[in-house]
Amino acid sequence: MKLDLALVAPPLRTILFHYLKTARLVLLAVLATTLLGTLASIGAPYLFSRLIDQLSAASVASGLIWAFMAYAVLMGAAYAFQRMSSFLTFMTSESLNFVTSTSFFARLVEKTSSFFLDHNPAEIENAQQKGERALNIVVQFALAAVLPSVTQLILALGLLGTVLDFDIALIVFGYGVVYVALVARAASVTRPHLDEAIEQSQASSRFVGNAISSMDTLRQFQSAGWMIGQFTNRERTVLEAFGRYATTHVRYAFIFGLALTVQFAISLWLLVPRVAAGELTVGDLVLFNTLLLQLNLPFQMMGQAIQQFAQSYSNFLPFARMWQADAHDDPETTDTFAVSEGVIGFEDVSYLYPNGRGVSEISFTARRGTITYITGDTGAGKSTLFKLLLKDMRPTSGSITVDGTDLGAVSRTDWFAHVAAVPQDIVLLNDTLATNIVLGRPFDEARLRRAAERAAILAFIEGLEAGFDTVVGERGLKLSGGERQRIAIARALYADPAVVLLDEASSALDAETEKDIMDQLRLIRDEVTIIAITHRVSVIAPDDKVVRIGPIGTQP
Ligand SMILES: Nc1ncnc2c1ncn2[C@@H]1O[C@H](COP(=O)(O)OP(=O)(O)OP(=O)(O)O)[C@@H](O)[C@H]1O
């Protein structure tokens, strides 16, 4: 079974390290109860076998009752410790879920925007849940199965070797090795089917995510049936891959049964004549039978653990891939970065997407005192310039400067403290207008009202029954497109940014409202650097600066 350790080790290291730190006391309790439980469960049959031999000596001593009592106590203690251990393990599993989900989320927020173009929320959620479950199974199994099994195995084998015969201990051990090897082989043969099933299930989640976000369009074009068909086909592929996985395992079940029969047959074939010859007592034979069952249990547990680990590895892969996907590599945050003049310089800036499109050798300077408009035909690269300004990606060549400082040397945290953007697609939370404008920053009523006024939305908000406490609905869909855009502009202005970027920010507005907003913004153009993308030439005033760009290879 080939494992891609470079892929899975970094997330495992981080998560397990935090987990061990958080849950160390409970884990110690798990270790202690496991050990005690195992000692008691091995001690009980040993004591039982000796009692049988005492009984066969014909004289039932009065003290025997106490020995039976001790046996009963050991059995009870073994059961109690095993149960304690399994519930303590369960307790730690919640800590593990907590660590896994919070660490994964912290990684997600660092991802580049292209990551979110490639993976939709449903797919990310699926990978996270699968990964979380996989890790949990592995750790639970390690604690609740592998650890007790190995301890039990060592103790029982030792006892078997001492009391009975070394040959028998060897046969048992040999069986164990064969059994575990068989499980490993079965896991390796079946893994490609499992990997395929998991990959298909990821693709299926991606598909669901896409379908949900375009539900209205699908209904309108009467394409829902077509989508259901597509989804059913995908789920069928997942089911078939899981089917192939299971049937391969079923074939192996016969080989496992054969191995167990051979083990019992050889052991009894060796032992029974010795009992007949008087070398071994009937009690020894009873001890062997009980221990053999106990010994096979740990092997079966270990085998199951291998199979679970293999399954968990496959389930963990999408999680690990997302964990390892490119994140923004950012310089250290200094908190000392400041924007004074607000001069933004583009010097021969080029950016090529992997498909060869993008922008080429763009140069211009944006200053305060005038609004800088970026215009150009569709696909010319206007939004790409904004993505570069927002450090979604770095220029392939050339540089962007802020008051002479290369933007590449400024961390996103430092830069975002001074720049505010109004994107083309506005995302509002299903919360109040105030929450949508303030968005977690320190609340200040005066600022809130001023931002709303500058975005020409204050009168509208004050006219609503609940005012700023009006809830906007899922994705803000209880507002019109123009209202959403004005809320987004108020959001951008709330923290008095040094630089404001508007990406077609007024395209959903009628000409009059658009003029209103741009006139409002003109009032602050001496304090704030304003760069706006527009298709509408009518909004551009004679004293605005216009930068016209053309697609790669053309002259604007
Ligand atoms: N993530 C991406 N991966 C690959 N190519 C992209 C990506 N985003 C944009 N492009 C391509 O880069 C070019 C510039 O796109 P961009 O969105 O910057 O243009 P634009 O001027 O903002 O267009 P519009 O006016 O239509 O919004 C286009 O040809 C587009 O197809």
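Residues numbered from 1 in each chain as written. Predicted model: local features only at pLDDT ≥ 70, side-chain atom pairs only at ≥ 80, totals over all residues. Heavy atoms only, no water.

Colleague: Before we move on, could you go through the sheet that holds strand β5 (residues 405-406) and cite the residues and values that matter?
Modeller: Judged by pairing direction, the sheet is antiparallel, and its four strands sit side by side in the order β2-β1-β4-β5 without closing on themselves. Two strands in the sheet have a free side with no partner beyond their single neighbour: β2 (358-366) and β5. As paired elements, strand β4 (residues 397-402) and β5 share two bridges and run antiparallel to each other. Pairing of Val-402 across the sheet is with Thr-405, part of β5. The strands touched by helix α10 (residues 382-389) within the sheet are β1 (344-352), β2 and β4, with β1 carrying the most contacts at an inclination of about 110°. (Pairing = 2+ DSSP bridges. Helix = DSSP H or I, 4+ residues; strand = E, 2+ residues; numbered from the N terminus. Contact = heavy atoms within 4.5 Å. Axes fitted to C-alpha atoms, helices over the stretch in contact; angles between N-to-C directions.)

Colleague: I'd like a description of the site of the ligand, backed by residues and values.
Modeller: In the vicinity of the ligand lie 16 residues, with Thr-378, Gly-381, Lys-382, Ser-383 and Thr-384 positioned nearest. Here a nitrogen atom of the ligand sits 3.4 Å away from a polar atom, N or O, in the side chain of Tyr-353. In this structure, an oxygen atom belonging to the ligand sits 2.8 Å away from a main-chain N or O atom of Gly-381. Relative to its free-state accessible area of 640 Å², the ligand is covered by the protein chains to the extent of 73%. With four residues, α10 is the single largest residue contributor to the shell around the ligand. (Near = heavy atom within 4 Å. Polar contact = N/O pair within 3.5 Å; in protein donor to acceptor, adjacent residues only side chain to side chain. Areas by Shrake-Rupley, 256 points an atom, 1.4 Å probe, with all protein chains shown as cover.)

Colleague: Could you give an account of the pairing of strand β7 (residues 499-503), naming the residues involved and the relevant values?
Modeller: Among the five residues in β7, five count as buried, and that is most of the element. Relative to β7, strand β6 (residues 419-422) is paired through four bridges, and the arrangement is parallel. For Ala-420, the partnering residue across the bridge sits in β7 and is Val-500. Two elements, β7 and strand β8 (residues 529-533), share five bridges in a ladder whose sense is parallel. Its bridge partner lying in β8, Val-499 is registered against Thr-529. (Buried < 20%, exposed > 50% of the residue type's maximum accessible area, 1.4 Å probe, protein only.)

Colleague: Which residues make up a nonpolar patch on the surface, and what are the values?
Modeller: A cluster of nonpolar residues, Leu-35, Leu-36, Leu-39 and Leu-155, forms a patch on the protein surface that exposes about 330 Å² of accessible area. Per element, the largest residue contribution to the nonpolar patch is three residues, and it comes from helix α2 (residues 24-56). Within the element layout of this structure, Leu-155 appears in helix α5 (residues 121-163). Since its relative accessible area comes to 32%, Leu-155 is described here as partly exposed. (Patch = residues over 30% accessible without salt bridge, like charges linked within 9 Å, V, L, I, M, F, W, Y side chains within 5 Å. Salt bridge = Lys/Arg side-chain N within 4 Å of Asp/Glu carboxyl O.)

Colleague: Please give an account of the pattern of salt bridges that cites residues and values.
Modeller: Scanning all chains against the criterion turns up 13 salt bridges. Here Asp-444 ties to Arg-447 by a salt bridge, and the two come within 3.8 Å at their closest N and O atoms. According to the relative accessible area criterion, Arg-447 is partly exposed, its value standing at 30%. Note that Arg-454 and Glu-527 form a salt bridge whose closest N and O atoms lie 3.8 Å from each other. Linking Arg-454 in helix α13 (residues 445-454) with Glu-527 in the loop between α16 (511-522) and β8, this pair joins segments that are 73 residues apart in sequence. Shared partners join several salt bridges into a network, and the residues in it are Asp-444, Arg-447, Arg-450, Arg-454, Asp-496 and Glu-527.

Colleague: I'd love a proper account of the sheet that holds β6, names of residues and values included.
Modeller: Taking strand neighbours across the sheet as the criterion, the five strands line up as β6-β7-β8-β3-β9 in an open arrangement whose pairing is parallel. Strand pairing shows two members of the sheet lacking a second neighbour, β6 and β9 (545-548), which therefore form its edges. Each strand of the sheet is rotated relative to its neighbour by a mean of 15°, with strand direction disregarded.

Colleague: Give me the domain arrangement of the protein: which residues, what numbers.
Modeller: Each domain of the protein was delimited in the assignment, giving domain 1 (5-324) and domain 2 (344-548). Inter-centroid distance (C-alpha atoms) of domain 1 to domain 2 is 54 Å. (Domains from an automatic or database assignment.)

Colleague: Run through the packing of aromatic side chains, naming residues and quoting values.
Modeller: Two aromatic rings, taken as a pair, are described by how far apart their centres are and by the angle between their planes. Tallied over the full model, the rule gives nine aromatic pairs. With a centroid separation of 5.9 Å and an interplanar angle of 35°, the aromatic rings of Tyr-175 and Tyr-179 are classed as tilted. Taken together, the residues Tyr-175 and Tyr-179, both in helix α6 (residues 166-213) and four residues apart, mark about one turn of the helix. Across this residue pair, the class does not change: Tyr-175 and Tyr-179 are buried. Chaining the aromatic ring pairs together yields one cluster made of Phe-104, Phe-316, Phe-319 and Trp-323. Over the face of the ring belonging to Phe-115 we find Lys-111, whose NZ or CZ atom lies 5.9 Å from the ring centre. (Phe/Tyr/Trp six-rings, centres within 6.5 Å; stacked < 30°, edge-to-face > 60°. Lys NZ or Arg CZ within 6 Å of the ring centre and 35° of its normal.)

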